[in-house]
Amino acid sequence: MNSTAEKKLDPDQINVILATDCGSTTTKAILIEKKNGEYRQTFRGEAPTTVEEPAADVTVGVVNAVTEVGELAGRKLIDENGEIIRPAQGDTGCDIYISTSSAGGGLQMMVAGVVREMSAASAKRAALGAGAIVMDTICSNDKRLPHEQIQRIRELRPDMILLAGGTDGGTQKHVVELAELIAPAKPQPRFGGTYKMPIIYAGNQEAKELVEEAFDEDVKLTTVANVRPVLEQENLAPARDAIHDLFLEHVMAHAPGYNKLISWADAPIMPTPGAVGNILQTIAERQGINALGVDIGGATTDVFSVFDGTFNRTVSANLGMSYSISNVCASATLPMILRWVHLEMDPRELQNRIKNKMIRPTTIPQTKEGLVFEQAVAREALRLAYIQHKEFATTLKGVQQQRTVGDTFSQNTSGQSIVDNMKLNLLVGSGGVLSHAPNMNQTAAMMVDAFEPEGMTVLAKDSIFMMPHLGVLAQVHSRAALQVFERDCLIYLGTCIAPRGFYRSGRTCFQYQISGNSLNETGEMVCGEMKLFPLGYDESATVIVEPRRGYDFGAGSGKRMEFEARGGTVGLILDARGRPLMVPADEQNHLAELTSWVEEMKLYPDTHLMAQR
Amino acid sequence: MAKAYSPGLQIRQRVLHSSRRILPIPGDVLVKVGDQATSQQIVAQTFMPGDVTPVNVANQISVAPSEVPGCMLFSVGDEIHVGDVLARSKGIFGFFKAETKAKTAGTIESISHVTGQVILRGAPLPIQVRAYQAGTIKEVIPEQGVVIESEVTFLQGILGIGGEAYGTIQFACQDKDEPLIASLLDESMQGKIIIGGARMTGEAVIRGIEIGVAAIISGGMDDEDLKEILGYDLGVAVTGSEHIGTTLIITEGFGDIAMAERTFNLLKEREGSEAAVNGTTQIRAGVMRPEIVIPLDEKMKAAPQTEAKQEVSLGILDTGVPVRIIREPYFGLLGEVGEMPTELQTLESGSESRVLEVILHTGNKVIVPRANVELIEG
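Keep in mind that what you see is a predicted model, and the values were worked out from it rather than measured.

Thresholds applied
- Residues numbered from 1 in each chain as written.
- Chains lettered and ligands numbered in written order.
- Predicted model: local features only at pLDDT ≥ 70, side-chain atom pairs only at ≥ 80, totals over all residues.
- Heavy atoms only, no water.
- Phe/Tyr/Trp six-rings, centres within 6.5 Å; stacked < 30°, edge-to-face > 60°.
- Lys NZ or Arg CZ within 6 Å of the ring centre and 35° of its normal.
- Pairing = 2+ DSSP bridges.
- Helix = DSSP H or I, 4+ residues; strand = E, 2+ residues; numbered from the N terminus.
- Axes fitted to C-alpha atoms, helices over the stretch in contact; angles between N-to-C directions.
- Salt bridge = Lys/Arg side-chain N within 4 Å of Asp/Glu carboxyl O.
- Buried < 20%, exposed > 50% of the residue type's maximum accessible area, 1.4 Å probe, protein only.
- Contact = heavy atoms within 4.5 Å.
- Domains from an automatic or database assignment.
- Buried area = accessible area lost by both parts, 1.4 Å probe.
- Nonpolar A, V, L, I, M, F, W, Y, C, P; charged D, E, K, R; others polar.

**Q** Got a minute to help me understand the packing of aromatic side chains in this structure?
**A** Working definition: an aromatic ring pair is given by the centre-to-centre distance plus the angle between the planes. Summed over the entire model, instances satisfying the criterion amount to seven aromatic pairs over all chains. Connected via pairs of aromatic rings, a cluster forms that spans A:F510, A:F553 and A:F563. The ring of A:F392 carries A:R125 above its face, with NZ or CZ at 5.3 Å from the centroid. The ring centre of B:F171 lies 4.4 Å from the NZ or CZ of B:K268, which sits over that ring.

Take a look at the structure:
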């Protein structure tokens, strides 16, 4: 732990909180102030992250972002020496300063486990849970030859390696074999050549000494409890904590300017995804719901889910909107992106435009055409990241299941995805392209198109990309974090109601009846149709849906359902486009349908109208 | 805010520049402080641990892993040649002995009694670091490398492909707006650093590779051409290890885009000079831009500085500083910063943003988000 972790702070004496998030592209700063006994987020600022030349010091970006906040707030936050003024006195300084960071590309790890689907999967979950990007997974059954595995370790230069394998008391041979494979590779760390590569051993505890024997003094070996002590159980917390500690001690300390940032912060700096995960878990727990969160950044897209109390997080490295935008296009392909574009665009120019964004990642769309295209890319980035998340968030593999006579015809096996769109209650979007979309309808549409929620799902967004800050604030001042979260962070967009079932051209999908204080509607939805009804922020409405056979709102095919829909800045969305969502193959029908969705959802109204909002 | 921070590319006619040349692992430094180094001179070298080959001896001679150390005919640290008998089982009553021979040469690194594996490490792999920048050795970092310093003309590009290359600067295009096409390249350009104007076409790059040019530098390039040359779509801007037969650097961006006049003119001034270029690019933390380093010759060093001193603080946008617009609808246009209003303005896209006015070279004024300009630093 860094020294700042030991600071004792009296929560009652904290009136002004300054928080920053050093993202891969942008450093965001927010000011939280206690007003009339309540904590509220008051001002925000941002500046390019400065881990690169000529600054090569993350604190330069922090000072720039904080200076902007200070100018807007009329509060001097930076002193003549370029440091944050503490404690607050009158219109000067703040009481505490906290930060999260994913600058420097975040924490990059390799994991190794004996069997890909078991110990390696648990190790991967622990690493992702700690907010790491998992660069590669080495395991005994990954079909690579030992020398290829060794070469891979050498090439990747991870920040640290997590090694797992074997249940406690089980076989020792395989995990020691893996240790013997990693040791001679002599992995080189990414930052600087002076520190030793941290390796965390979280496997069979009885093999601990043999694993220690395999490594020499070239690495820093830390042993923690087994991530999979028995086959049916995971114990990820000790490995996760060790990753956080080593991240602070070793990795951040070697990135440009982090030592200074660590010395400034009044609480340990967390990796950004770790902080967002904390706050999403808190929401799901407090409201007793299944929640899904997404944070789409410049370099990565992080997806978080809590289903029936089980938390999962994936960091999709190289799926992002700036540094990785070209990779989104390479993975999704241009035609898949263009299926979300209702305007005429030249594919050659678009390809160049994507690359230009990749090499100059901090630019923003100035034209409507630019915005439409960027939001189309965002839909694909989100969709691909969600696919990865669903594949990862599964029940434990390799566990024998008790089956009853009733399960005879069930095809379910271990390793099923626990992410179920029909059970999803709340979908929260965060990250620049979602949080800063000029029109909230655009945010809602991007989320619906990418995640394809089923049944009834409430949509919300992180108002100004505040979740990381609040995640770390929750660690030092949970009351302030929750107050700000509830009042200033979450903006409810409304509710989406959509059935599961295939699109069948021209066929009626379902009938609806909506009754509320300001909204009373009945009608029929034809396949491929979308409808948006105004339903105010503090309003709700009862929605009765009667689907045709083949369409399911959660009660079964063709079964009637009744929902209590929550309003929001966007309203109530009825979506009869089918799940999985398909767009018509022929270009003319496709453009006609797409345009009808854009118009119905009022996605791109005239600029002057938006300015009046 | 009257000023704002914005990173940019450096274009300098004459600057005291230093290059840090460091070995990836400790080794020997071959020069001393004060020595003059040429760009291709080896200044430090080391040997990387060789490749490792795990041999599962226990399986191969059918013994328990714990018996492997007793069956080994060599010890840790011994040198092994191909065909050497590595281990022999004790057999039954001295008969039916099984043995295994080494299929690769190397040194025995470890013998495991837990897994029965023997790790063989191959011959050390030499790693050499060249000076890259011709100049004076300013600092020696023991066992690691050197810092070389000299007065140079220094230019940064926006994206490169391939690593370090050396050669004489030669122009293929006579105008910054002229595309670099295949017919402009000929055999005399072998080993040279070729300067184009606007977009370098895919055919021109392929022709350059056939001729054997050291590097090609031009304003832009089409994504589709790059994809064909590389054989894959570049997902993230982390480059430098490509082996396409030459080094490519684009100075402005993708598409039909002319090289900035200042960059073109500066390179023109140095035509015929020996230069070192590096296409390595990392547009992520710890950013690396492709660069062109041209050491000044003695005559130039003696001459008074002609370049007007720029009153540009690194990374600070301010009225009057030269900028390049880096996003549509004005992508690639150059000008200088005019007014910088403090208030947020609504863009055509509907987003609210801090903007600035750019006075273009034509005299026209355009309003763009501050995020969409880049300083031309010099």
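That was the structure; now back to the text.
**Q** I'm lost on the sheet that holds strand β9 (residues 219-223) of chain A in this one. Help?
**A** Backbone hydrogen bonds are what pair the strands of a sheet, in a parallel or an antiparallel way. Residues and elements named next belong to chain A. The five strands lie next to each other as β6-β5-β7-β8-β9, forming an open sheet whose pairing is parallel. Each end of this open sheet is capped by a strand with a single partner; those strands are β6 (132-139) and β9. Taken pair by pair, the neighbouring strands of this sheet meet at an average axis angle of 20°, ignoring direction. Where strand β7 (residues 160-163) and strand β8 (residues 197-201) come together, three bridges link them in parallel fashion.

**Q** Looking at this structure, how should I read the pattern of salt bridges?
**A** When their charged atoms lie close together, side chains carrying opposite charge are able to pair. Per the counting criterion, the structure on display carries 54 salt bridges over all chains. Sharing partners across several salt bridges, the network here consists of A:R348, B:R199, B:D222, B:D225 and B:D256.

**Q** Where do I start with helix α3 (residues 202-211) of chain B in this structure?
**A** Given 3.6 residues per helical turn, the α-helix brings residues three or four places apart onto the same face. All names here are of chain B. If you check which residues of α3 are buried, you get G202, A204, V205, G208 and I211. Contacts made by the buried residues of α3 are with β18 (199-200), β19 (215-221), α4 (223-230) and β21 (247-254). One or two positions beyond α3, positive phi appears at G212, with a value near 95°.

**Q** How should I be thinking about the domain arrangement of chain A in this particular structure?
**A** The accessible area lost on association of the parts is a frequent measure of interface size. All names here are of chain A. As assigned here, chain A comprises domain 1 (3-104), domain 2 (106-264) and domain 3 (291-600). Computed from C-alpha atoms alone, the centre-to-centre distance between domain 1 and domain 3 is 32 Å. Each partner contributes residues to the interface: domain 1 has 23 residues there, and domain 3 has 23 residues. Each partner contributes to the roughly 2,000 Å² buried at the junction of domain 1 and domain 3, and carbon and sulfur atoms together form 64% of this total. On inspection of domain 1 and its partner domain 3, the count reaches three salt bridges. A salt bridge links R40 to D488; the shortest N-O distance between them is 2.8 Å. Mapped by element, the contributors of at least two residues to the side of domain 1 that touches domain 3 are β1 (16-22), β2 (26-35), β3 (38-48) and β4 (96-101). Looking at the side of domain 1 that touches domain 3 element by element, the count peaks at six residues for β3. The class makeup of the residues in the side of domain 1 that touches domain 3 is nine nonpolar, seven polar and seven charged.

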